[in-house]
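# Observations on chain architecture
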Amino acid sequence: MTLLVLSAFSVALTLLGFFVSVPLFKRLTILGLSLGLLALLLTWGKPFAFGPYQVDGISQVFTLLALLGALWTVGLVRTRRFEFHLLVLYAATGMHLLASTQNLVLMLVALEALSLPLYALATWRRGEGLEAALKYFLLGALAAAFFLYGTALHYGATGSLLAGTPGEGPLYALALGLLLVGLGFKVALAPFHFWTPDVYQGSPTPVVLFMATAVKAAAFAALLRVAAPGVPEALTLLIALSVVLGNLAALSQKEAKRLLAYSSIAHAGYMALALYTGNAQALGFYLLTYVLATGLAFAVLSEVSADRVPLESLRGLFHRDPLLGLALLVAALSLLGLPPLAGFWGKYLVFSEAARVGAWGVLVLALLTSAVSAYYYLALGLAPFQKGEGQAAPRPLARGVALLVALLLLLLGLFPGTLLPALAAGG
Amino acid sequence: MMLLLTILLPLLGFALLGLFGKRMKEPFPGVIASGLVLASFLIGVGLLLRGESHFHAEWLPGIPFSLLLDPLSGFMLIIVTGVGFLIHVYAIGYMHGDPGFSRFFAYFNFFIAMMLTLVLADSYPVMFIGWEGVGLASFLLIGFWYKNAQYADSARKAFIVNRIGDLGFMLGMAILWALYGTLSISELREALEGPLKNPSLLALAGLLLFLGAVGKSAQVPLMVWLPDAMAGPTPVSALIHAATMVTAGVYLIARSSFLYSALPDVSYTIAVIGLLTAFYGALSAFGQTDIKKIVAYSTISQLGYMFLAAGVGAYWVALFHVFTHAFFKALLFLASGSVIHALGGEQDVRKMGGLWKHLPATRWHGLIGALALGGLPLLSGFWSKDAILTATLTHPFGGVGFYVGALLVAVLTAMYAMRWFVLVFLGEERGHHHPHEAPPVMLWPNHLLALGSLLAGYLALPHPLPNLLEPFLKPTLAELEYHHLSLGVEWGLIALSGAVALLGLWLGYTFFQRKVLPGWYLRFEAWSRESFYVDQVYNALLVNPLKALAEALFYGDGGLLRGYFGLGSGVRQVGQGLARLQAGYLRVYALLFVLGVLLLLGVMRW
Amino acid sequence: MVVLAILLPILLGLLLLLGLPRWLGVLGAGASFLLNLYLFLAHPGGVAYGVKAPLLPGAGVYWAFGLDGLSALFFLTVGLTVFLGALVAKVEGRFLGLALLMEGLLLGLFAARDLLVFYVFFEAALIPALLMLYFYGGEGRLRAIYTFLLFTLAGSLPMLAAILAVKVLGGSPSFLLEDLLAHPVQGGAALWVFLGFALAFAVKTPLFPVHAWLPLFHQENHPSGLADALGTLYKVGVFAFFRFAIPLAPEGFAEAQGLLLFLAALGAVYGAWVAFSARDFKTLLAYAGVSHMGVAALGIFSGTPEGALGGLYLLAASGVYTGGLFLLAGRLYERLHTLEIGRFRGLAASAPGMAALALFLFLAMVGLPGLSGFPGELLTLLGAYKASPWLAALAFFSVIAGAAYALTAFQRTFWEEGPKGIGDLEGAEWPFAALAVAALVLMGVFPGFFLEGLKPLAEAFAQLLGGGA
């Protein structure tokens, strides 16, 4: 159903794009994404399969998150060219597909389907953006190659293309490792994260929002399926590298987007903790809070500038627009995982997964580095309150959304139990 | 409940005067305060006549608030409220016109309440309430004229030095608690009958409690606060720093006699400390030029006597001396106060002299006080001092050494007592004042105290004459076997001490009348004036190093914080290094990517 | 009822943040105090007024609150101290709002019967504390904020691992305290779990040497002292050791006991000693706090019933007197525009009421019998001596150093000859003084009344550790 809506709109809008005005096109895109969401919610909890395309709990939860991210991106962007919206729509379709299959080949296809529009979106701003996008593209190709190779080995080891097929032997392990590399690249796990800071900094802020939220959601859905049987040692390595590198490197960042890029690496590490047990509920909740919080942060940043956002330029934002300033603080504190904000429960859930399997070492490392992260989150969150000339020309709608999301972060923090069962579908 | 009232009445006075005293006109605060103390006295005596009485209330878990009025505490209660009342009355005159008149009496009443808590307590923590409470009262009263920085310093010094002793008191309690699970004095007394559980630890507890007494009673080595405490108004010196508070240490030993009588080594230590203090106080008194400081050092010396008595095991004798001393020392202080009052605040004995002519009543007070202190036979001081001398020979922890030492101190005491009297009242007038005698409200208490100084000693005359005090106190004190001297020896010793006292008095009288004093004496006097440089030594060896260490630690603590900052910036630097990996070169990224893959595959379990 | 008591200040605080006038906040703080007083007085023993609602279904997390004797006592002192602050601290409505918000969070922390909920409140209280420091702090506040935040989180985040471990390793079905207590962590992991808790609570005690954030925190906070008073109440480490860390991993505690006793004793002396060199009131009080909390922690770590009672009572009492002193320093600041000790002297002449109040507070702080500091100190000593005579003796050298710094500060401020006079207590400062003194005296004279509800807890605590009465 969702796939139908999304692909139908993709096709239709590709054709329409040349005939309707950009604002109308934007509305249509939003309509398409919303309808996709609606379709998703209508079929919530009801599995559905059509060949390798399987809509199950994981698919629904992570598609929901991806679509939310996509919607937000489209709503936020200010562009005079319709292609932007179209590319987002394409990517969203790819994401849904990625989240909704166990078939490794289809996964690869979906992966490419969502990646190619992203490469294009990353070049939206010429110059620096172009160079970053090129790196993204080339490294992405490398990762895809690993993924492909992994797929082949997987087939060789188990005789199946279905992710999650149990198997054994070095060949099988190698296959899983390579699949992990391919997807780890997409979610920006260290040491496959190198594209992230450059691309985040070089791309328009709404695009970054899209990458940080929707792409992560979709790729983690695939990771859940692939890594479910587990390669715990490899996972531990990736997590440890991610949380250390992400959090420590973020400390010295002076530019907000780059800072958040490193933060997203660290968060990818935290999220990966849920992969030990493959608990979709925990991961889903984490992603939800992460999408909301990091989305909120980027949304605020994009109201300041679509370009680079040095931390100094945020100064005084609170005095110019209290709502945005507070929203950024709330987002930063939620990312830090301070109760009573939603981010805390996300952290709690994924950490308890790691605890369940007894991965204490990496758990403590993750917690320690997240204490370090307080430094830069606070720098980000408090910047709007300092004296300075914050530049922002927010639109009412953006402010409304910011308020809504900030409240949501708080409410989810106070009553995480209300939403959690709904996410349990895939668990 | 009535028992509690003896404490509550003066406490009420404190609250009333503290809150509303400012609005009262002189002399009302003084009258109220004195009246309340008198009421306490009367209630206390009334209760005592009816026998023992108790008060018991919940306080801390395992530690009730219990009071006990028995002969021992009753005896102290009488001294505290009786002498206290007289000094209250005196103070109405002495403090006349002081802007802090009502505040003074508020503090004074507070002191009485705390002192009564101290003596009536039937458990060490309750005694500690009074113990610290009187310390606070002493602090407030020494610093009564707080505008003078030196006085304020003295007050603080008194409190801090006392706290050293209090730490000992607290640790002593901790040991007793750990050993017996109770801090009630009656219960401990029962528990200690029979074989001791852990004698060496118990001895430590005894020593620590004694450390408390050393602080409170200004014994060597914690005696340095008492001379400075003379910064307070003279009635304070009389009440707190002579008659009552400073004897609390002696009372503590007596109250704990069941403990100390079982600890010969500790008792010996107490006696030695007492004798040392007696010497130190006596020698230091010679060089003083402040009229009150002479008396203060004599107090230290006399307290040493009391500890000597308590140390050798003659607890009732120590209390006997507490009793007589309360009279003659309060008298000496109040007479000094009258002199100061007469001279408009002058305290330097070098600017006095010849006051015999001008102060017809006070001169007799001074003379009686000095003679009683000097141990003139038949005055109160003679009887109690003689009892101490005898006790050093008869009691189990005593010895001839103690006797000889105490006798020597007796000579010195008589001499400096005469020095005081001669310098103040005799010779020519050295000041330019117009002395005037004190008003009746100040004279009458002194009359009574003088009477006490003359007669208090007859409460306990040597064998075979009647001794009322010993049988009265006996049931509350530990019983120690001691041998009686034969009548001849005993009276021989009495004669000896009387002769010694007379000799000392005569020597003092003639020696200090001289115009020119010999060179060796002047050198000695210079040392004595500085109290043998104990303060300076303490400052150099203890106070200043501790202060310096505090400074050093203060900066060190800043350094600790900087250390943490350093750790933080170290982490940051590592982060910067990691961020530098992000060089922007694709080939580097690709290389690291592949290395990462290899690493990943490397850690996997094959 | 408990929920109401927690929510009242939180909601009021939020409303004040939205612009409610200040006097309503003062009124609200008073109402909160009265409510807490009622809860304390009407406390029937055991765990009263319990409520429980699922928070995270499946994970065994519950919004579970209830008051035992210990929580009730802290409800009382927190309510009182905040009310005292609301009475006299001349701050704008929003500041008061943050303070009330924080009060509510602290109450939640004390009432929590679920480990994770405790953690939530423990961490959440950080936010208003940071905001107060940020918006109303001094010049160097950023540094103070980072220091405070990083110290706190460096402790509390690893604690999250310990929290998870307690449940997973102990095998408890939920995070409810009673479930966890029934399934303590055993074996080699117990030490690590305990250390996880210990670090977080040591920072919040604060124990030497992780106390370093505290002086900076106080120095940079608003001179009114309101934030400092709340900060003092936030030092819940001693409470948390008693309530959670030690009972949940007693074996781990047993292994670390020696070190902890040593650190506590060292901190007690060290803090008092350093306080002597402090140049201003806030630094002085900060180090004094280090010293007192060292003593209180010593009581808890002794593992004896007396020690535990003493430590907890000292903690409760110190909230009031240290908070009161911070507020008093704020009153002085308003009159003199400095917190430096000894800059102005002789204030007793012109402000005898204030001098008397200061003396009461200082004396309570140095543990004068009859005032609120003493019962805790004495019981701690009695308990600590049983655990370690030498360390107890070392720690109690702080009573000497305490007298030195407290009386020196008092003398240099109120005694001696000063260049100018100031106004005495006025207006709301009178009820402030009366209430504070009443609390000090009542807590000092009738400690049995306040400790009644704690006794069974302390007994159970000691029993758990094999001590017992």
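Next up on the list: the overall build of chain C. Looking only at helices and strands, chain C features 23 helices and two strands. Counting every position in chain C, which comprises 469 residues, the buried fraction comes to 72%. Summarising the internal contacts of chain C: among those between residues at least 6 apart in sequence, 81% fall at separations of at least 24. Counting only carbon and sulfur atoms, one obtains 67% of the accessible surface of chain C, whose full area is about 12,600 Å². Across chain C, the 21 positively charged side chains and the 24 negatively charged ones have centroids separated by 5 Å.

Counting its secondary structure elements, chain B contains 24 helices and two strands. For chain B, the spread of C-alpha atoms along the principal axes amounts to about 110 × 65 × 55 Å. A total of 606 residues make up chain B; the buried ones form 62% of that total. Taking the average location of the 34 positive side-chain charges in chain B and that of its 30 negative ones, the two points are 12 Å from each other.

Residue and element names in this part refer to chain C. Looking at the secondary structure, you find serine 172 in the loop between α7 (141-170) and α8 (177-182). Residue class for serine 172 comes out buried when judged on its relative accessible area of 7%. Polar contacts involving the side chain of serine 172 include one to the main-chain carbonyl oxygen of serine 174, which spans 2.6 Å. The residues contacting serine 172, other than those within four sequence positions of it, are Lys167, Asp179, Leu180 and His183.

Turning next to the packing of aromatic side chains. Summed over all chains, the structure comprises 101 aromatic pairs over all chains. Pairing tyrosine 146 of chain B with tryptophan 415 of chain C gives two aromatic rings, centres 6.1 Å apart and planes at 15 degrees, and the pair type is stacked. Of this pair, tyrosine 146 of chain B sits in the loop between α5 (124-142) and α6 (149-180) while tryptophan 415 of chain C sits in the loop between α20 (398-414) and α21 (429-445), placing the two residues on different chains. Residue classification places tryptophan 415 of chain C among the buried residues on the basis of a relative accessible area of 5%. Considering the side-chain rings of phenylalanine 33 of chain C and phenylalanine 83 of chain C, the 5.8 Å spacing of their centres and the 15 degrees angle between planes classify their relative orientation as stacked. Note that phenylalanine 33 of chain C is positioned in helix α2 (residues 22-41) and phenylalanine 83 of chain C in helix α3 (residues 69-88), a separation of 50 residues in sequence. Residue phenylalanine 83 of chain C is classed as buried on the basis of its relative accessible area of 16%. Grouped by ring-pair contacts, the aromatic residues Tyr119, Tyr136, Phe137, Phe146, Phe185, Phe192, Trp195, Tyr200 and Phe298 of chain A together with Phe593 of chain B constitute a single cluster.

This next bit is on the interface of chain B and chain C. With 47 residues of chain B in contact, the opposing surface of chain C contributes 59 residues. Roughly 4,800 Å² of surface becomes buried between chain B and chain C when both sides are summed, with 75% attributable to carbon and sulfur atoms. Between the two partners, chain B and chain C, sit one salt bridge. Arginine 279 of chain C is the partner of glutamate 551 of chain B in a salt bridge, and the nearest nitrogen-oxygen pair spans 3.0 Å. Counting every contact that joins chain B to chain C gives 20 residue pairs in polar contact (both at pLDDT 80 or more). Sorting the residues of the side of chain B that touches chain C by element identifies β1 (53-60), α5, α6 and α23 (534-580) of chain B as the ones contributing at least two each. In terms of residue count, the dominant contributor to the side of chain B that touches chain C is α6 of chain B (17 residues). For the side of chain B that touches chain C, the per-class residue count stands at 37 nonpolar, one polar and nine charged.

With omega at 10 degrees, the peptide bond leading from valine 220 of chain B into proline 221 of chain B counts as cis. Looking along the chain, the bond that leaves threonine 205 of chain C and enters proline 206 of chain C is cis, with omega of -15 degrees. Along the chain, the position of proline 206 of chain C falls in the loop between α9 (189-204) and α10 (213-220). A positive phi angle, near 60 degrees, is found at phenylalanine 532 of chain B, a position not held by glycine.

Formed by 641 residues in total, the largest nonpolar core has its most connected members in Phe62 and Tyr348 of chain A, Tyr124 of chain B together with Phe197, Phe201 and Phe301 of chain C. In this structure tyrosine 124 of chain B touches Phe169, Met173, Leu176, Leu183, Ile185, Leu188, Leu209, Leu252, Ser256 and Phe258 of chain B, once residues within four positions along its chain are discounted.

Residue and element names in this part refer to chain C. Evaluation of the coordinates by the stated rule reveals 28 salt bridges over all chains. With its nearest N and O atoms 2.5 Å apart, the salt bridge here joins lysine 386 to glutamate 306. Separated by 80 residues along the polypeptide, lysine 386 in helix α18 (residues 373-387) and glutamate 306 in helix α15 (residues 305-336) bring together distant segments of the chain. By relative accessible area, which is 41% here, lysine 386 ends up partly exposed. Sharing partners across several salt bridges, the network here consists of Lys90, Arg331, Glu334, Arg335 and Glu429.

All names here are of chain B. There is a patch of nonpolar side chains on the surface, built from Trp527, Tyr533, Val537, Leu541, Leu542, Val543 and Leu546 and spanning about 640 Å² of accessible area. Of all the elements, α23 adds the most residues to the nonpolar patch, at five residues. Overall, leucine 542 belongs to the partly exposed group, its relative accessible area being 46%.

Next up on the list: helix α4 (residues 83-99) of chain A. The end-to-end C-alpha distance of α4 of chain A is 24 Å, a good match for the 24 Å that 17 residues give at a rise of 1.5 Å each. Along α4 of chain A, 15 of the 17 residues are buried, which leaves the element largely enclosed by surrounding structure.

Moving on, we come to the confidence of the model for chain C. Should the pLDDT be low somewhere, the predicted coordinates at that spot are not to be read in detail. Mean pLDDT for chain C: 91, with 99% of residues reaching 70 or above. Two summary scores accompany this predicted model of the complex, namely pTM at 0.93 and ipTM at 0.93.

All names here are of chain C. Burial analysis of strand β2 (residues 61-67) places six of its seven residues in the buried class, the great majority of the element. With six bridges connecting them, strand β1 (residues 48-56) and β2 associate as antiparallel partners. From the neighbouring strand, leucine 56 faces β2, where its bridge partner is valine 61. Hairpin connection from β1 to β2: four residues lie between these consecutive antiparallel strands, with glycine 58 at a positive phi of about 90 degrees.

What follows is about the interface of chain C and chain A. Contacts between the two partners involve 32 residues from chain C and, on the opposite side, 34 residues from chain A. Roughly 2,900 Å² is buried in total at the junction of chain C and chain A, and carbon and sulfur atoms are behind 86% of that figure. Where chain C packs against chain A, one counts zero salt bridges. Taken together, the connections running from chain C to chain A amount to four residue pairs in polar contact (both at pLDDT 80 or more). For the side of chain C that touches chain A, the secondary structure elements donating two or more residues are β1, β2, α5 (115-124), α6 (126-136) and α7 of chain C. In terms of residues, the side of chain C that touches chain A owes the most to one element, α7 of chain C, which gives 15 residues. Split by residue class, the side of chain C that touches chain A holds 31 nonpolar, no polar and one charged.

The rules we used
- Residues numbered from 1 in each chain as written.
- Chains lettered and ligands numbered in written order.
- Predicted model: local features only at pLDDT ≥ 70, side-chain atom pairs only at ≥ 80, totals over all residues.
- Heavy atoms only, no water.
- Helix = DSSP H or I, 4+ residues; strand = E, 2+ residues; numbered from the N terminus.
- Buried < 20%, exposed > 50% of the residue type's maximum accessible area, 1.4 Å probe, protein only.
- Contact = heavy atoms within 4.5 Å.
- Areas by Shrake-Rupley, 256 points an atom, 1.4 Å probe, with all protein chains shown as cover.
- Lys, Arg positive; Asp, Glu negative; His and termini not counted.
- Charge placed at Lys NZ, Arg CZ, Asp CG, Glu CD.
- Polar contact = N/O pair within 3.5 Å; in protein donor to acceptor, adjacent residues only side chain to side chain.
- Phe/Tyr/Trp six-rings, centres within 6.5 Å; stacked < 30°, edge-to-face > 60°.
- Buried area = accessible area lost by both parts, 1.4 Å probe.
- Salt bridge = Lys/Arg side-chain N within 4 Å of Asp/Glu carboxyl O.
- Nonpolar A, V, L, I, M, F, W, Y, C, P; charged D, E, K, R; others polar.
- Core = buried A, V, L, I, M, F, W, Y, C linked by side-chain atoms within 4.5 Å.
- Patch = residues over 30% accessible without salt bridge, like charges linked within 9 Å, V, L, I, M, F, W, Y side chains within 5 Å.
- Expected span 1.5 Å × (residues − 1).
- pLDDT = per-residue confidence, 0-100.
- Pairing = 2+ DSSP bridges.

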